[in-house]
Amino acid sequence: MEIKKIAVLGAGQMGNGIAHVCAQAGYEVKMRDIDQKFIDNGLATIKKNLDRGVKKERMTQEEADTVLRRVQGVLDLKEAVKDADLVIEAIPEIVKLKLETWKEVDEAAPEHAILASNTSSISITQMAAVTKRPEKFIGMHFFNPVPVMGLVEIIKGQSTDDATVKVIEEVSHKVGKKTVLVNEAPGFAVNRLLVPALNEAVFAIQEGVATVEDMDLAIKLGLNWPMGPLTLLDFVGLDTALYISDYFVDEFKDSKYRAPALLRKMVRAGWLGRKSGKGFYDYSGEKPVPNKF
Ligand code: CAA
């Protein structure tokens, strides 16, 4: 089966990145969101990242314009998926919202279309079960920033068939990513390791082991991470990390995954990281300034 047309649901941080790499690989993309302002923001981010490529002489202005023209912003869900060969969903991590959306998509998308979720934790099998094509349902987990990060985690649900896995491997390779195939389990492979590690950094801050700045420097230089764990938490979003931790505790029934109280308190205060302007660092000035805890 050849994929030509892709519908990306969600124009946020992940959705616009996915739309970008798909369009750059030559696919026709419809990027759907529920409000025109989200679509406009998503398209503006794609344009900004393409312009960066032009400035660095990785592509010509003409090539960048062609890529951007391949992404069509769409408000109506049915319109977005009606002729798609592949639907990639990157909407908020709210189980009820995902299940409702997948039911609608399943009704409106062509029978042959593959349905892929970019969820970072929610069960693929649970989402597949609300559709009439669970064998064509799969997890396709990209990493942020999508144009830069080299991995797609492919997640097989209980009913996902091998033909679907093969197509998604091919699409992932065509958009320039390497893949790992994992069986469904909370957090798959990457977040299973990452989220407890990030939580541990927050426990250390909570206990006064080190300052935010020193904890980040220690891990950046001591382990050669590109970003320290607290910078990375601000980048991922503290609400997302908390959501995944709580989901892990529910699913694994194991308190070793519990979120630190400090993380929960910060989320309750609206300190969500970069996207809210404040997290472990304050982003209101020219440079991020570490907060004291
Ligand atoms: N969008 C597109 N391109 C971007 C970008 C963005 N948001 N941010 C940076 N880049 C590009 C830059 O243009 C630059 O490109 P060139 O190398 O071609 O010049 C390159 O990325 C490196 O950027 P910088 O030199 O500005 O900065 P850096 O070296 O610190 O790299 C980074 C930035 C790539 C984000 C790096 O810090 C990094 O890899 N951080 C860790 C990111 C990470 O762990 N992501 C996974 C998060 S977890 C997740 O996504 C899963 C989940 O479910 C929670």
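This text goes with the structure placed above it.
Remember, it's a predicted structure, so these values are computed and weren't measured experimentally. (Residues numbered from 1 in each chain as written. Predicted model: local features only at pLDDT ≥ 70, side-chain atom pairs only at ≥ 80, totals over all residues. Heavy atoms only, no water.)

Thoughts on the packing of aromatic side chains
Each aromatic ring pair is described using two quantities: the centre-to-centre distance and the angle formed by the ring planes. One pass over the structure, following the stated rule, counts eight aromatic pairs. Ring centres of phenylalanine 248 and tyrosine 257 lie 5.3 Å apart, and the angle between their planes is 80°; on these two criteria the pair is classed as edge-to-face. Across the pair, tyrosine 257 and phenylalanine 248 agree in class, each one buried. One aromatic cluster is present, built from ring pairs that chain together Phe248, Phe252 and Tyr257. Lying over the aromatic face of phenylalanine 38, lysine 37 brings its terminal NZ or CZ to 5.0 Å of the ring centre. Taking NZ or CZ as reference, lysine 174 lies 4.4 Å from the ring centre of tyrosine 27, over its face. (Phe/Tyr/Trp six-rings, centres within 6.5 Å; stacked < 30°, edge-to-face > 60°. Buried < 20%, exposed > 50% of the residue type's maximum accessible area, 1.4 Å probe, protein only. Lys NZ or Arg CZ within 6 Å of the ring centre and 35° of its normal.)

Quick notes on the environment of lysine 253
As for its placement among the helices and strands, lysine 253 is situated in the loop between helix H11 (238–252) and helix H12 (261–268). Its relative accessible area of 69% is what places lysine 253 among the exposed residues. One polar contact links the side chain of lysine 253 to the main-chain carbonyl oxygen of aspartate 250, over a distance of 2.5 Å. (Helix = DSSP H or I, 4+ residues; strand = E, 2+ residues; numbered from the N terminus. Polar contact = N/O pair within 3.5 Å; in protein donor to acceptor, adjacent residues only side chain to side chain.)

Re the pattern of salt bridges
Taken as a whole and assessed by the stated rule, the structure comprises 15 salt bridges. For lysine 5, the salt bridge identified is with aspartate 83, shortest N-O distance 3.5 Å. In this pair, lysine 5 sits in strand S1 (residues 5–9) while aspartate 83 sits in the loop between helix H4 (77–81) and strand S4 (86–89), placing the two residues 78 residues apart along the sequence. The exposure class assigned to aspartate 83 is partly exposed, which follows from its relative accessible area of 30%. Linked by salt bridges that have partners in common, Lys5, Lys30, Glu79, Lys82 and Asp83 make up one network. (Salt bridge = Lys/Arg side-chain N within 4 Å of Asp/Glu carboxyl O.)

All quantities given are derived from atomic positions and should not be read as evidence of function.
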